[in-house]
Amino acid sequence: MILSSVLILVGFSSLIFGANWLVDGASSVAKKNNISDLVIGLTIVAFGTSAPELVVNSVASFNGLSDIVFGNIIGSNNFNLFIILGIAGLIYPITVQSSTAWKEIPISLSITLLLYVLANNYFISQDPEISRLDGIILLLFFLCFLFYVFHQLKQEKTEVSILENKSNYKIWSLILFGIAGLIIGGKLVVDNSITIATDLGVSQKIIGLTIIAAGTSLPELVTSIVAALKKNSDIAIGNVIGSNIFNVLLILSISAFINPVKFNPNFNQDLLILMGGTVFLILAMFTGKRKKLDRWEAFLLLGFYLLYTAYLVSREL
């Protein structure tokens, strides 16, 4: 078990470094072709920060590990909302723009509700799952979200980045090593998490909701903490809300294309908590100082989820 724990840490390190190398390399390719930072941020960086979840879920889906797939998605989204926003809000109260309060956060809530309905197959008399058809529906909503984001960004004045000075050899080395790091890291995390779960008698659901979800959310955690320390509220909350939307609409749809993902109804409790936390965040925008997540509200988010995670783990052991 000690070896498996060490290999999981190695896997997470490989995922994080791989994602960073891939983003750096791909960004350099874009800059060499005079593509604006706006497009780079929307596509390459967004993909890079969610790459660990994507790789872990792709490996898990290929191996038919449905509880790992859903545990990682739902657990990562809860971790982003409760833990990352909670820590960032404690560091510095998060003020959000009107569009975030009125549009992006409600969009995130609506997408979670969509996932709840699709996964439980309320309108079809089949076993609960995210089928390939559901994956297409999620992907279509993702394309609609991208259209919305592009429309928002077109209204903002942007400048084209200066040309990149890295050599082609260095750029493509970063990209190739990044992809290799993601593949190796994802395989190490999934395989050794299953080993630990088996040794401890803990379900794959709990492993997915806790260890894997927290590990794959490390890039978002670091980004939001740095943003909070720099008092950049837009990045701190935008990173979390954007990642949650990205996880459900893109990563879960890709997982379903690889293999239809069986849904364990026990995850309904975690989905309801995710929806409840998002509703709390919306209400927080209109209580106290308007459009701001105050420190006491951030403390409630963080404290609640730490207690809930402790409850989940204690119930399994």
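As a starting point, this report considers the structure included with it. Since this is a predicted model, take the numbers as computed values, not measurements.

Reading the values: the criteria
- Residues numbered from 1 in each chain as written.
- Predicted model: local features only at pLDDT ≥ 70, side-chain atom pairs only at ≥ 80, totals over all residues.
- Heavy atoms only, no water.
- Helix = DSSP H or I, 4+ residues; strand = E, 2+ residues; numbered from the N terminus.
- Buried < 20%, exposed > 50% of the residue type's maximum accessible area, 1.4 Å probe, protein only.
- Contact = heavy atoms within 4.5 Å.
- Phe/Tyr/Trp six-rings, centres within 6.5 Å; stacked < 30°, edge-to-face > 60°.
- Lys NZ or Arg CZ within 6 Å of the ring centre and 35° of its normal.
- 1 Å grid on protein atoms, 1.4 Å probe; cavity = no way out; pocket = protein on both sides within 12 Å on 5 of 7 lines; lining within 4 Å.
- Points joined across faces, edges and corners; volume = space filled by probe spheres on them.
- Nonpolar A, V, L, I, M, F, W, Y, C, P; charged D, E, K, R; others polar.
- Expected span 1.5 Å × (residues − 1).
- Arc of directions from axis to C-beta.
- Salt bridge = Lys/Arg side-chain N within 4 Å of Asp/Glu carboxyl O.

Concerning the environment of Gly185
Relative to the helices and strands, Gly185 resides in helix α6 (residues 168–200). On the basis of relative accessibility, which here comes to 0%, the residue Gly185 falls in the buried class. Between the C-alpha atom of Gly185 and that of Val10, which follows or precedes it by 175 residues, the distance is 7.2 Å. The contacts of Gly185, once residues within four sequence positions are left out, are Gly11, Ser14 and Leu15.

Quick notes on the packing of aromatic side chains
What characterises a pair of aromatic rings is the spacing of the ring centres plus the angle enclosed by the ring planes. According to the stated counting rule, one finds 11 aromatic pairs in the structure shown. Taken together, a centroid distance of 5.0 Å and an interplanar angle of 75° make the contact between Phe70 and Phe263 edge-to-face. Of this pair, Phe70 sits in helix α3 (residues 66–91) while Phe263 is found in the loop between β3 (261–262) and α10 (268–284), placing the two residues 193 residues apart along the sequence. Between the aromatic rings of Tyr305 and Tyr308, the centroid separation amounts to 5.8 Å while the plane-to-plane angle is 45°, which identifies the pairing as tilted. Of this pair, Tyr305 and Tyr308 both sit in helix α11 (residues 295–316), separated by 3 residues, roughly a single helical turn. When its relative accessible area of 3% is taken as the criterion, Tyr305 is described as buried. Look at Tyr308 and you get buried, because its relative accessible area is 8%. Following the ring pairs from residue to residue traces out a cluster consisting of Phe82, Phe304, Tyr305, Tyr308 and Tyr311. Its guanidinium or amino end placed over the ring of Phe267, Lys205 lies 5.6 Å from that ring's centre, counting from NZ or CZ.

A word on the side chain of Glu53
Along the polypeptide, Glu53 turns up in helix α2 (residues 37–62). Setting aside its immediate chain neighbours within four residues, Glu53 contacts Asn72, Ser76, Thr216, Ser217, Glu220, Asn247 and Ile251.

Observations regarding empty space enclosed by the protein
Under the criterion given, the structure shown has 1 cavity of 30 Å³ or more. Roughly 40 Å³ of internal volume is contained in the largest cavity. Lining the largest cavity we find Asn77, Ser108, Ile111, Thr112, Asn244, Ile245, Val248, Leu274 and Thr278. Elements that contribute at least two residues to the lining of the largest cavity include exactly α4 (98–120), α9 (233–258) and α10. When grouped by side-chain class, the residues that make up the lining of the largest cavity number 4 nonpolar, 5 polar and no charged.

Notes on α11
Helix length check: α11 (22 residues) gives 32 Å between terminal C-alpha atoms against 32 Å at 1.5 Å per residue, within 8%. Of the residues making up α11, those classed as buried are Glu297, Ala298, Leu301, Leu302, Tyr305, Tyr308 and Leu312. What you see down the axis of α11 is that its buried residues fit within an arc of 135°, all on one side. Seen from the open side of α11, the exposed residues pointing more than 90 degrees away from its buried face are Trp296, Phe299 and Leu307. In the core, the buried residues of α11 are packed alongside α3, α7 (204–216), α10 and β4 (292–293).

Description of the pattern of salt bridges
Under the criterion given, the structure shown has 3 salt bridges. Note that Glu129 is salt-bridged to Lys262, the shortest N-O span being 3.2 Å. Here Glu129 is found in strand β2 (residues 129–130), whereas its partner Lys262 is found in strand β3, with 133 residues between them in sequence. Judged by relative accessible area, which is 12%, Glu129 ranks as buried.

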